[in-house]
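Residues per chain, in single letters:
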Amino acid sequence: MSFYSDAGGRGDPAQVQEEAVTLMEEKLEILENMMSGYNYKAYFTAITSMRLTIILEAENYILGLDNGKGKARFLAAVAALSQAYALATPHEKAMEATSEIAFFQAVKARLNKFTESTDELVGGHDESLEIRVKQTIDQALVTDNVVDIFDAAGIQKPDISILSEEFLLEMKDYQHKNIALETLKKLLSDEIKVRMNQSITQGKKLIDMLTTAINGYQNKVLTAAEVIDELIKLAKTIQESDSLAKQLNLSAYEYAFYSAVADNDSARELMEKEKLRELAVVLTEAIRSNVTLDWTKKESARAKIRVVVKRLLKKYGYPPDMSLLATEAVLTQAEMLSNELSKEL
């Protein structure tokens, strides 16, 4: 592709094709070496039902390479292979490699469902090249349909919440530990994003837990089974947070401010839960009453709200040594919700 681009699109097509074939063979060799610990070749002589099992096992194998870090190399190699194949077609060597490339494309399609909303390991791709590949490669494997996250993991989609005890138990006992890990990471990441859009304090706490667990796995401190246990603990933390909001009978806004003022030991020890709840409700109403459409851009408006927050913290007996941090946390939370709050004006 570099050769063709440097020639301004006027390079010799035959030479471009030969360059593409060479690159295609290099990437195939890289992928074959990466898969050396799993006999994926059985795929090509297996019956249809067994082929699906082999793809699932290959996916699990890739996710376990170098404690999860091998996925990025695999996806990058398949992306490059697809580009080279698109330019090499219909060269004889390219046509001979079609079935094997179809297999790697199928595994990549499943892995990408875990990548989209978590770590974005591979950058954008040329859609026209993908279309050319899909037109040539086995359409039964590479499909334009959206692959559901549970389908990608080979798991029957449950009717229950992903944070339910039943689902978490299924993940803990799931045969393919690396796929279970990626499934939990993807789903919990989505859950955390929802909460980060509501509560900075809760979102930061949860994302720190997720990052610590994943880093422990990638740094080979934790095994896949151990990090699954950590992710299940994270899921239970989310469960407890949701349960507390319902128990306190707080709205999403109110619970966000509750989290901001209850995020330190001294406040929780000095003030009872019910008093912190009352403070959160009053803070929510006070901020809603004092915000203006441009308050986040005017220091005078911010200063006014800062004074209101400090007075309420003092009135409710908030620990003086933690008052400054709590004030800033409340203001930061208010800024995040400024769009929603201003809509109510």
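The model shown is predicted, which means the values in this text are computed figures rather than measured ones.

Draft legend 1. Up close: the overall build of the protein chain. Helix and strand counts for the protein chain come out as 18 helices and zero strands. Scored against the burial criterion, the 345 residues of the protein chain give a buried share of 47%. By sequence separation, contacts in the protein chain at least 24 residues apart represent 73% of the contacts at least 6 residues apart. Accessible surface, the protein chain as shown: approximately 17,800 Å² in total, 51% of it carbon and sulfur.

Draft legend 2. Just the pattern of salt bridges, in detail. As enumerated under the stated definition, the model contains eleven salt bridges in all. As a salt-bridge pair, aspartate 208 and lysine 204 come within 3.1 Å of each other at their nearest N and O atoms. Residue aspartate 208 and its partner lysine 204 are both found in helix α11 (residues 200–218); the two are separated by four residues, about one turn of the helix. With its nearest N and O atoms 3.3 Å apart, the salt bridge here joins lysine 233 to glutamate 230. Of this pair, lysine 233 and glutamate 230 both sit in helix α12 (residues 224–247), separated by three residues, roughly a single helical turn. Among the charged side chains, a network of salt bridges with common partners joins Glu32, Lys41 and Glu100.

Draft legend 3. Geometry of the nonpolar core. By size, the foremost hydrophobic cluster in this structure holds 58 residues, and its most contacted members are Met24, Met35, Phe74, Phe103, Phe104 and Leu184. Elements with a minimum of two residues in this core: α2 (13–34), α3 (48–64), α4 (70–88), α6 (98–115), α9 (165–173), α10 (177–196), α11 and α12. If we ignore the near neighbours within four places in the chain, the residues touching phenylalanine 104 are Leu28, Leu31, Glu32, Met35, Tyr40, Phe74, Val78 and Leu81.

Draft legend 4. Just helix α13 (residues 252–261), in detail. Counting buried positions along α13 gives nine out of ten residues, so the element sits mostly inside the fold. Taken residue by residue, α13 has Tyr253, Glu254, Tyr255, Ala256, Phe257, Tyr258, Ser259, Ala260 and Val261 as its buried positions.

Draft legend 5. A look at unusual backbone geometry. In the Ramachandran plot, asparagine 249 falls in the positive-phi region, its phi being about 60° despite a non-glycine side chain. Judged by its relative accessible area of 60%, asparagine 249 falls in the exposed class.

Draft legend 6. Layout of the packing of helix α15 (residues 273–290) against helix α16 (residues 299–315). Running from amino to carboxyl end, α15 crosses α16 at an angle of 160°, the nearest separation of the two axes being 10 Å. The orientation of α15 with respect to α16, classified from their angle, is roughly antiparallel. With respect to the hand of their crossing, α15 and α16 are arranged in right-handed fashion. Packed against α15, whose contacting residues are Leu279, Val282, Leu283, Ala286, Ile287 and Asn290, the element α16 presents Lys304, Ile305, Val308, Val309, Leu312 and Leu313 at the interface.

Draft legend 7. Region of interest: the side chain of arginine 277. By secondary structure assignment, the location of arginine 277 is in helix α15. For the buried arginine 277, which has no salt bridge, the nearest side chain bearing the opposite charge is glutamate 274, at an N-O separation of 4.0 Å. Here arginine 277 is in contact with Leu248, Asn249, Leu250 and Tyr258, once residues within four sequence places are set aside.

Draft legend 8. View of the packing of α9 against α10. Here α9 crosses α10 at 145°, and the two axes come no closer than 8 Å. Counting all contacts with α9, which are made through Phe167, Leu168, Met171, Lys172 and Asp173, the residues of α10 involved are Lys177, Ala180, Thr183, Leu184 and Leu187. Residue composition of the contact of α9 with α10, by class: six nonpolar, one polar and three charged.

Draft legend 9. Seen up close, the environment of arginine 302. Within the fold, arginine 302 resides in helix α16. A residue is classified by how much of its surface remains accessible, and arginine 302, at 13% relative accessible area, is buried. With 29 residues separating them in the primary sequence, arginine 302 and leucine 331 have C-alpha atoms 8.2 Å apart.

Draft legend 10. How the structure looks around the side chain of threonine 237. Within the element layout of this structure, threonine 237 appears in helix α12. When residues no more than four places from it in sequence are discounted, the contact partners of threonine 237 are Lys205, Leu206 and Met209.

Draft legend 11. Examining the environment of lysine 108 more closely. Structurally, lysine 108 can be placed in helix α6. Among the residues examined, lysine 108 registers a relative accessible area of 9% and is labelled buried. Spatially, the C-alpha atoms of lysine 108 and alanine 79 are 8.6 Å apart, while their sequence positions differ by 29 residues.

What counts, and where the lines are drawn
- Residues numbered from 1 in each chain as written.
- Predicted model: local features only at pLDDT ≥ 70, side-chain atom pairs only at ≥ 80, totals over all residues.
- Heavy atoms only, no water.
- Helix = DSSP H or I, 4+ residues; strand = E, 2+ residues; numbered from the N terminus.
- Buried < 20%, exposed > 50% of the residue type's maximum accessible area, 1.4 Å probe, protein only.
- Contact = heavy atoms within 4.5 Å.
- Areas by Shrake-Rupley, 256 points an atom, 1.4 Å probe, with all protein chains shown as cover.
- Salt bridge = Lys/Arg side-chain N within 4 Å of Asp/Glu carboxyl O.
- Core = buried A, V, L, I, M, F, W, Y, C linked by side-chain atoms within 4.5 Å.
- Axes fitted to C-alpha atoms, helices over the stretch in contact; angles between N-to-C directions.
- Parallel < 35°, antiparallel > 145°, perpendicular 65-115°, else oblique.
- Left-handed = near helix turned anticlockwise from the far one by under 90°.
- Lys, Arg positive; Asp, Glu negative; His and termini not counted.
- Nonpolar A, V, L, I, M, F, W, Y, C, P; charged D, E, K, R; others polar.

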